Amino acid sequence: MCTGFSRSFLRFFLLLACVCAGGLILPVQAVAKDYVSASAYWEDRSGEATLEQAQQQNYTPYQGTLSRGYSRSVHWVQLRIDGADPAVIGDKLVVRIRPVFLDRISLFDPAEPTPKRPRVTGDLTPWNEAEWQSSNLGFVIAVQPQARDIWLRLQSTSTHFMVVQAVSLPEAKRLDHIQELLYTISLAVLFVFWAWMLIAWLNDHDKLNGVFVIKQSMVMVYTLAYFGYHRTLLSDWLAPEALDRVFNYANIAAAGASIWFERYLLCEYTLPVWVQRLIRSVVWLIVIPLALLMLGYTQPALHANLILLALFICLPVVLAIVFIHDEPSALVYRLPKKMVIGYYIVLTSFVVFSVLPILGVTQGASWAILSLVVHGFLSGGLMTVLLQFRAKRLEQQRNEVANQLYLSQQQVVMERERREEQTHFLHMLMHELKNPLAVIDMALHTPAGHQQ
């Protein structure tokens, strides 16, 4: 049962989680001067176009975020870099590219017509060979007084969802520091949610709490890899291809654990048999992206994994509204229907506006890059609060059962004492009756008694 201090502590970390989620979503880079004044893309379906061929194509303008979904094509991005005075901002600009899980991005800059080696970044590029070693991908380019165009060639098995900005070198370092601070605090908050429920599970051994602990463990591993820390920590021991596989498996494991937890939460209620079978069937579908990934079909696996996750987040809203009912007093510890529906409405609303841009269905904002991470914050934070509420109600029910058992035991003791008193009273009564009866018996057996 939550004490007043623990409830206040939980509220504090929930508020901190909201602040971190807001910090991850809000465009922190907007406070810096972005020297990218125009951006456009061209889809190379063959994947074999050279720079000269790409420069001759008709490009489609876009604003802010490139949202092309999962594609086997190569996308060329043309960026107009504004001119600036090197004496004012320095002689270097940093082309910051997010997210960090894009496989391979090549830079072609006319200011450096004959580079010594191909300028490439991405999660398939060794960490020690990256031009810009941070939690983002990036290139360092020269500042010129006049505007110029540069080209990026994007090829990736993950979603072609990319945000690019060009900022001065000091601004890039400052933005990276802010971002890494938010990442660190975010991981700390996720750890607190995990530790909180781990302690709760160790105390009550509730199965739902145990499943939530496993789910949050997978979410933390995935978030760590999503932020790019696996490249920083493991690049000396694992090749870039192995690190890429680590991220892909963490992605599917986090989605599978989330679906597994939602299944336990829903099946805790009294649902029709066919609904329970439907939920179990959807859960087993997570085997499909896992099998595809193991067979080497990385892009179809990640695509199927995201669609499956979105489906199972949206499906429970309908199931909760139609089939979940508030339980009788004997099962009062289960979460009320309105709380479950509210939880799923929040997650579904967030998924609709964030997953669609990742799939390339709609044009998305830059915050959608971290949408799956923020989803982990929302689901983890909200469910931690709900499970604490559930634990409180469960503790109350246990106390009521314990009180009823205690009262029953007291009634048994009182009944036994009453029977003992009755037995003792009968013994006393029989003892009191024995003396007169003995006198009468003696009188009847004496000669005088016979004469009378």
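Look above for the structure.
Owing to the predicted nature of the structure, the values given are computational and were not obtained by experimental measurement. (Residues numbered from 1 in each chain as written. Predicted model: local features only at pLDDT ≥ 70, side-chain atom pairs only at ≥ 80, totals over all residues. Heavy atoms only, no water.)

Q: A description of the overall build of the protein chain should follow, citing residues and the corresponding values.
A: The helix and strand tally for the protein chain stands at 13 helices and 10 strands. Long-range contacts, defined here as pairs at least 24 residues apart, represent 80% of the contacts in the protein chain between residues at least 6 apart. When the accessible surface of the protein chain is totalled, it reaches about 23,100 Å², and 63% of it is carbon and sulfur. (Helix = DSSP H or I, 4+ residues; strand = E, 2+ residues; numbered from the N terminus. Contact = heavy atoms within 4.5 Å. Areas by Shrake-Rupley, 256 points an atom, 1.4 Å probe, with all protein chains shown as cover.)

Q: Can you explain the sheet that holds strand 5 (residues 92-98)? Please cite residues and give values.
A: Strands sit in the order 3-10-5-8 across an open sheet of 4 strands; the sheet is antiparallel. Since the sheet does not close on itself, it has two edges, and those belong to strand 3 (65-67) and strand 8 (137-142), each with one partner. Averaged over all neighbouring strand pairs, the angle between strand axes comes to 20 degrees, with direction disregarded. Helix 4 (residues 169-204) contacts strand 5 and strand 10 (161-168) of the sheet and is inclined by roughly 130 degrees relative to strand 10. (Pairing = 2+ DSSP bridges. Axes fitted to C-alpha atoms, helices over the stretch in contact; angles between N-to-C directions.)

Q: Talk me through the packing of helix 4 against helix 5 (residues 207-226); I want residue IDs and the actual numbers.
A: Relative orientation of the contacting elements helix 4 and helix 5 amounts to 160 degrees, with a least axis distance of 9 Å. When the axes of helix 4 and helix 5 are compared, the pair comes out roughly antiparallel. Our pair here, helix 4 against helix 5, has a crossing hand that is left-handed. In this structure, helix 4 uses Leu187, Leu190, Phe191, Phe193, Trp194, Met197, Leu198, Ala200, Trp201 and Asp204 to contact helix 5, whose residues at the interface are Asn209, Gly210, Phe212, Val213, Gln216, Ser217, Met220, Thr223 and Leu224. Classifying every residue of the contact of helix 4 with helix 5 gives 13 nonpolar, 5 polar and 1 charged. (Parallel < 35°, antiparallel > 145°, perpendicular 65-115°, else oblique. Left-handed = near helix turned anticlockwise from the far one by under 90°. Nonpolar A, V, L, I, M, F, W, Y, C, P; charged D, E, K, R; others polar.)

Q: Go over the sheet that holds strand 1 (residues 36-44), please, and point to the residues and values.
A: Hydrogen bonds between backbone groups are what pair the strands of a sheet, and the pairing can be parallel or antiparallel. The 6 strands lie next to each other as 2-1-4-9-6-7, forming an open sheet whose pairing is antiparallel. A single partner strand is all that each edge strand has here, and the edge strands are strand 2 (60-61) and strand 7 (119-121). Pairing of strand 1 with strand 2, which is carried by 2 bridges, proceeds in the antiparallel orientation. In the strand pairing of strand 2, Tyr41 is matched with Thr60.

Q: Explain helix 7 (residues 240-267) residue by residue, including any values.
A: Here helix 7 spans 41 Å end to end across 28 residues, near enough to the 40 Å set by a 1.5 Å rise per residue. For helix 7, a buried count of 21 out of 28 residues is recorded, marking the element as mostly surrounded by other parts of the structure. (Expected span 1.5 Å × (residues − 1). Buried < 20%, exposed > 50% of the residue type's maximum accessible area, 1.4 Å probe, protein only.)

Q: If you had to explain the packing of helix 7 against helix 8 (residues 273-284) to someone new, which residues and values would you point to?
A: At a minimum axis distance of 10 Å, the contact between helix 7 and helix 8 shows a crossing angle of 170 degrees. When the axes of helix 7 and helix 8 are compared, the pair comes out roughly antiparallel. Contact residues: Ile259, Arg263, Leu266 and Cys267 in helix 7; Ile279, Arg280 and Val283 in helix 8. A breakdown of the residues in the contact of helix 7 with helix 8 according to their chemical character gives 5 nonpolar, no polar and 2 charged.

Q: Describe in detail a nonpolar patch on the surface, supporting the description with residues and values.
A: Taken together, the side chains of Leu224, Leu233, Leu234, Trp237, Leu238 and Val246 define a hydrophobic patch exposed on the protein surface, amounting to about 560 Å² of accessible area. Looking at where Leu234 falls in the secondary structure, it is placed in helix 6 (residues 229-234). Relative accessible area serves as the criterion here: at 33%, Leu234 is assigned to the partly exposed category. (Patch = residues over 30% accessible without salt bridge, like charges linked within 9 Å, V, L, I, M, F, W, Y side chains within 5 Å. Salt bridge = Lys/Arg side-chain N within 4 Å of Asp/Glu carboxyl O.)

Q: So what about the packing of aromatic side chains? Which residues, and what values?
A: In total, this model carries 15 aromatic pairs according to the counting rule given. For the ring pair Phe101 and Tyr226, a centre distance of 5.4 Å and an interplane angle of 65 degrees mean the geometry is edge-to-face. Highlighted residues: Phe101 in the loop between strand 5 and strand 6 (104-108) and Tyr226 in helix 5, separated in sequence by 125 residues. By the burial criterion, Phe101 is buried, and Tyr226 matches it. A network of ring pairs unites the aromatic residues Phe101, Tyr222, Tyr226 and Phe247 as a single cluster. Sitting over the face of the ring of Tyr35, Lys33 holds its NZ or CZ atom 5.4 Å from the ring centroid. The ring centre of Tyr264 lies 4.8 Å from the NZ or CZ of Arg263, which sits over that ring. (Phe/Tyr/Trp six-rings, centres within 6.5 Å; stacked < 30°, edge-to-face > 60°. Lys NZ or Arg CZ within 6 Å of the ring centre and 35° of its normal.)

Geometric descriptors of this kind do not, in isolation, establish any biological role.
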